[in-house]
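A closer look at the structure
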Amino acid sequence: MRILFCGVGAIGSTAAVLCRNLEASLVFVDFDRVESKNLLAQAFVKPSVGKNKAEALKLQLLNLHGVKAEAFGVRVTRDNVAALCTSADLLVDCFDNQASRVLLSDFARTAGKPLVHGALAADGTFGLVRWDERFVPDAEDTAGQATCEGGAHLPLIGQLGATLARVVQDFVKHGTRRDAMVSLVAVTPTAS
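Residues numbered from 1 in each chain as written. Predicted model: local features only at pLDDT ≥ 70, side-chain atom pairs only at ≥ 80, totals over all residues. Heavy atoms only, no water.

Some points on the environment of Thr 125
To be explicit about the condition: By definition, any uninterrupted DSSP run of H or I lasting at least four residues is a helix, any uninterrupted run of E lasting at least two residues is a strand, and each is numbered from the N terminus. For every residue, the accessible area obtained with a 1.4 Å probe (protein chains only) is divided by the maximum for its type, and the residue is called buried under 20%, exposed over 50%, and partly exposed between those limits. It only takes one pair of heavy atoms within 4.5 Å for two residues to be counted as in contact.
Turning to its location among the elements, Thr 125 is positioned in the loop between β5 (115–120) and β6 (127–131). Overall, the relative accessible area of 45% leaves Thr 125 in the partly exposed class. Sequence separation of Thr 125 and Lys 51 is 74 residues, and the distance between their C-alpha atoms is 30 Å. Not counting residues up to four positions away in its chain, the partners in contact with Thr 125 are Leu 156 and Ser 183.

Listed below in structure tokens is the structure:
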């Protein structure tokens, strides 16, 4: 199975690291670069600062865990979404903006690809893991709004990333699709 993580910032990098033991090929797509502020809430190490996030995560998995992965250091656009995503058996949306989520969802629905979303509320009060057929992306309050800066939401990011990784694992191993709502008090299954 080929699992493509779209966006490997806070949620994506955390979930991807936790998926490292799956019998699957991991692929990371992200155009952004690791900044020192990202180390507070994302699964990157200090030597990754300045590197492309997808490439940095690929190197970390290889160097720390001996896991080979693929990386594409590009932004997902209408022009390249099919080229990037067609060979995936599972798409994992960890984007932080509505436009990218809608683009990926449109592709997945047209191509018949399974797509699971991991999303964090901007105020850090809850997160969602939801399969595409039951997911509606919210618009950011302001374009480019950061939802995972500064490390304040790190415990919730950890829970959300772990929940997303478990949902991916359950899909890979059993074909199940379950949703969850995540808060600092509970992880609540919401649908199957």
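A short note on the environment of Ala 83
Along the chain, Ala 83 falls in helix α3 (residues 81–85). Between the C-alpha atom of Ala 83 and that of Val 29, which follows or precedes it by 54 residues, the distance is 12 Å.

Examining the pairing of strand β8 (residues 187–191)
It is a general feature of regular strands that their side chains alternate between the two faces of the sheet. Counted only if it meets this: Two strands make a pair as long as DSSP finds a minimum of two bridges between them.
Taken together, the four bridges between strand β7 (residues 179–182) and β8 define a ladder with antiparallel strand orientation. Counterpart to Ala 180 in the pairing with β8 is Pro 189. A loop of four residues connects β7 with β8, the two strands running antiparallel in sequence.

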